Amino acid sequence: MSNPLSSLYTEIVMEHDKRPLHAGLREPFDAEVHHVNPTCGDEITLRLRLGADELVQDVSYEAVGCAMSRASASIMADLLIGRPVHEIQPVSDHLEAAMRSRGRLAGDEELLGDGVALLGAAKFPARVKCVLMPWKAYQAALVEARTLGA
Amino acid sequence: MSTPRSPFDLEAIRADFPILERRLDPETPLIYLDGGATSQRPRQVIDAEVAFLTRDNAAVKRGAHRLASAATDAYEDARETIAAFLGAPSPDEVVITRSTTEALNLVAHSLGSGDETVPDHLRVRAGDEILVTEMEHHANLVPWQELARRTGATLRWIPVAEDFTLDLTDLDSLVTDRTRVIALTHQSNVLGTVTPVERLVEAARSVGALTVLDMAQSAPHMSVDVAALGVDFAAVSGHKMYGPTGIGILWGRYEHLAAMPPFLTGGSMIETVHMDRSTYAEPPARFEAGTPPISQAVGLAAACDYLTALGMDAVAAHEQELTRRALRGLTAIDGVRVIGPADGPERRGAVSFDLAGRHPHDVGQVLDSLGIEVRVGHHCAWPLHRRFGLHGTTRASFSVHTTPSEVDALIAGVARTIDFFGSLS
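Reading guide: rules and limits
Residues numbered from 1 in each chain as written. Chains lettered and ligands numbered in written order. Predicted model: local features only at pLDDT ≥ 70, side-chain atom pairs only at ≥ 80, totals over all residues. Helix = DSSP H or I, 4+ residues; strand = E, 2+ residues; numbered from the N terminus. Rg over C-alpha atoms; globule rule 2.2 N^0.38 Å. Buried ≥ 20, exposed ≤ 12 C-beta atoms within 10 Å, placed from the backbone. Contact = placed C-beta atoms within 7 Å. Pairing = 2+ DSSP bridges. Axes fitted to C-alpha atoms, helices over the stretch in contact; angles between N-to-C directions. Nonpolar A, V, L, I, M, F, W, Y, C, P; charged D, E, K, R; others polar. pLDDT = per-residue confidence, 0-100. Expected span 1.5 Å × (residues − 1). Bend = angle between axes of the 7 residues up to and from the residue. Left-handed = near helix turned anticlockwise from the far one by under 90°.

**Observations regarding the overall build of chain B**
Stage number 1. A count of helical and extended segments in chain B gives 14 helices and 17 strands.
Stage number 2. Relative to its length of 425 residues, chain B is compact, with a C-alpha radius of gyration of 22 Å against a globular reference of 22 Å.
Stage number 3. Along the three orthogonal principal directions, the C-alpha set of chain B runs to about 70 × 55 × 35 Å.
Stage number 4. Each of the 425 residues in chain B was classed as buried or not, and the buried ones make up 52%.
Stage number 5. Once local pairs closer than 6 in sequence are excluded, the contacts in chain B between residues at least 24 apart make up 70%.

Rendered as C-alpha cells:
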C-alpha cells in the first residue's frame, strides 16, 4: 500500500469515521441546512444552535458519506461546540486554505486540533470537497441562524 | 487502418492503446476499468483525427475551396460509416450531435415543441404519458421529466425487480392509450442488464407510442442493428465507444425526422432565412445547427472501423468472459454484494458492487493506489441506487483491451481493500 493512502486514512480519521462525535440530530436548534455533493451523492443535514454572544451551543448532524467527510463532520462538531463564532472563523478559513493548497500549506495544529488529520486529503483533489462539505454546511447554517435572529 | 484479426488477439489490441503503457507511478501499471465512463482510444482513432486535422481541416458545407470540399467529404463519409455500424438503413437518418445527452434532449424537445402543424404521433401534450424505467441514466430520465413538466404530460416508470431486471408484471397497465413515448436504456450502465427491447417495442406499437433507446452502453459492447431492434430513435456516445468526446449520434426513422421541428436553430440547419422567418433544411441537416464536431466525426468513424475489424460478436464474447470471471471472483468475497444480475446472456460487462457498506469513494481510493481505475458514486443513476437502498456503488467496466489478469487484479484489490479498512477500524 503506497504512502499517500495512509496519509489519507490516518488513525484519527478512521476513529472519527467509526465513532463520530456529536452525531445525530438534536433539539433545540436555530437553523437546519441540508447539503448534497451531486457528484457522489453524499449528504449532510446539520443543525446549529447559537447562544448569547454567538456562542455555538450545539452542532448536530446526520452525515452520509465517505470516511473523509464523516470524519470531517465529527472533528468539526467537536471543534465548534462551546466556542464563539468569531473564534471559529479563522479555523474554518485556515482549514479551507490548507485543503485547497494541494499539500503546500501545512496545517496549524493549534488552530485545527484533530483537523490536521484531514489534511492528507489535500493531495487528492477529488477528496477536497468531501472534507469541506460539513464546513460549508456550518457556514450556511450560520448565515441562516443570523438571518432568522436579526 | 486495422486489419481483421482472428482469433481475438488481446496482445495486439493492447498495443493499439498507447495509454496502456502509462505507469501511474514507477511501480504501478495502469489497470483501466472505467470504459463505462469514457473509453480509451486506440491509435487508429487518434491517428485518423490527427490526419484529418493536419491535412483536410476546414468548416464543412460552406465555402468553395478545396479544403472545404475535402472536409465535407470526410464528414459525410464518417456519417456513412457510422450509419453502417449502427445498422441504419440510410445515412440521412444519422444526426451528428455533441453527445448522447444532446441526442436525447433533441428528441424530447422536438416532441414537446407545441407546433400544431406536427403530426399527432410526434407530439407530447397535456394528459399524455411518457414511460421510462427506474434504471435510466440521468441523461434518459431528466429530459423526459422536463418534457412532462413543460407539456403537462405524466411521467411513469417501469420498476426494477429484485433480480435487477425490469419488472414487467404491470406492463399492461403502465402502457396505455395515452402513452406517447417509451424511453429506455439498452444496457444499464450500473447493472449491466440488457433490457427486453423487443417486448417494449411491441408494447409501444400496440398503442402507437414511439420508442427511444439509449444505446450509449450497448453500442460499444455488442452488435447493434437499429432497424432490427424496431425502435424509433436511438442515441449513441462517441467517447464510450473508443471515439472522441464532443460527439454523439441520434438515429431516427426518416419519416419521423422529416416531420419533426428542429431543436437547436441557427446556421447550417436552414433552407431560407428572412428577417422575420426561416424555413429549415431536410434531415439530418435540420438537426445539426452550428459547426458540427468534424474531426470528432472522423475519429468516431475510425472507432467504428476499429470495432468492425475486431468483430462485435468477438468483442461481446470477450467481455462476457471477463464479466463471468469478475462475478465469480467478487461474489466469493465475504462482504461484497454485486448490484446486478447473476451471469447470463442478458448480463454484460458493467459490474457494480457494494463493499460491506464501505463508502465507494473509500473503496475507489484504495483500488486507485493499486493502479485499478474504477468508477465510484451513483454513476448518474441516482434513483436506481436509491431503489436498492444505496448511496453509491463501485463499478468496474470492461473494454476490448481488458485482460483476465486485470480482472483478477480487481478481485485481489477488493479483497485487499477489505483488509485495509479492517485493519484500521
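Back to the text.
**Re the sheet that holds strand β2 (residues 42-50) of chain A**
Residues and elements named next belong to chain A.
Stage number 1. One open sheet accounts for three strands, arranged β1-β2-β3; its pairing is antiparallel. For this open sheet the edge positions go to β1 (31-37) and β3 (56-64), each flanked by a neighbour on one side alone. Averaged over all pairs of adjacent strands, the angle between their axes in this sheet comes to 15°, without regard to strand direction.
Stage number 2. Here seven bridges tie β1 to β2, and the two strands are oriented antiparallel to one another. Bridged to Asn37 within β2 is Asp42.
Stage number 3. Those strands touched by helix α3 (residues 67-80) are β2 and β3, and its axis lies near 175° from that of β3.

**A word on the sheet that holds strand β16 (residues 375-377) of chain B**
Residues and elements named next belong to chain B.
Stage number 1. Taken in spatial order, the four strands of this open sheet run β13-β14-β17-β16, and their pairing is antiparallel. With one partner strand each, in any of the chains shown, β13 (336-338) and β16 form the two edges of the open sheet. Adjacent strand axes in the sheet meet at a mean angle of 30° when their direction is disregarded.
Stage number 2. Two strands pair when backbone bridges link them, and β16 and strand β17 (residues 393-397) are joined in this way by three bridges, in the antiparallel orientation. Across the sheet, Arg375 pairs through a bridge with Arg395, a residue of β17.

**Points about the interface of chain B and chain A**
Stage number 1. Opposite the 14 residues of chain B that make contact, chain A presents 16 residues.
Stage number 2. Looking at the side of chain B that touches chain A, the elements that each hand over two or more residues are α12 (360-369) and α14 (404-424) of chain B.
Stage number 3. Ranked by residues supplied to the side of chain B that touches chain A, first place goes to α12 of chain B with five residues.
Stage number 4. Residue composition of the side of chain B that touches chain A, by class: four nonpolar, nine polar and one charged.

**Focus: the confidence of the model for chain A**
Stage number 1. Residues of chain A with pLDDT of at least 70 account for 97%, and the chain-wide mean is 93.
Stage number 2. Taken element by element, chain A is modelled with least confidence in helix α1 (residues 3-8) of chain A, mean pLDDT 81, and with most confidence in β3 of chain A, mean pLDDT 97.

**A short note on helix α6 (residues 125-149) of chain A**
Every α-helix winds through 3.6 residues per turn, so residues three or four apart in the chain are directed the same way.
Stage number 1. Helix length check: α6 of chain A, at 25 residues, gives a terminal C-alpha distance of 37 Å against a target of 36 Å (1.5 Å per residue), a fit within 8%.
Stage number 2. The largest bend in α6 of chain A comes to about 40°, at Leu132 of chain A, with the proline Pro134 of chain A one to four residues further on.
Stage number 3. Of the residues making up α6 of chain A, those classed as buried are Arg127, Cys130, Val131, Leu132, Met133, Pro134, Trp135, Ala137, Tyr138, Ala141, Leu142 and Ala145 of chain A.
Stage number 4. Buried residues along α6 of chain A sit against β1, β2, β3, α3 and α4 (85-99) of chain A together with α12 of chain B.

**Quick word on the environment of Val85 of chain A**
Residue and element names in this part refer to chain A.
Stage number 1. Along the chain, the position of Val85 falls in helix α4.
Stage number 2. Since 18 C-beta atoms lie within 10 Å of it, Val85 is described here as partly exposed.
Stage number 3. Through-space distance from the C-alpha of Val85 to that of Val56 is 6.6 Å; in sequence the pair is 29 residues apart.
Stage number 4. Apart from the residues lying within four places of it in its own chain, the contact partners of Val85 are Glu54, Val56 and Leu142.

**Side note on the packing of helix α2 (residues 43-55) of chain B against helix α10 (residues 294-310) of chain B**
Residues and elements named next belong to chain B.
Stage number 1. Axis separation between α2 and α10 bottoms out at 8 Å; the angle between their running directions is 145°. Considering the relative orientation of α2 and α10, their crossing is right-handed. Here Gln44, Val45, Ala48, Glu49, Phe52 and Leu53 of α2 lie close against α10, whose contacting residues are Ser295, Val298, Gly299, Ala302, Ala303 and Tyr306.
Stage number 2. Considering only residue class, the contact of α2 with α10 consists of eight nonpolar, three polar and one charged.

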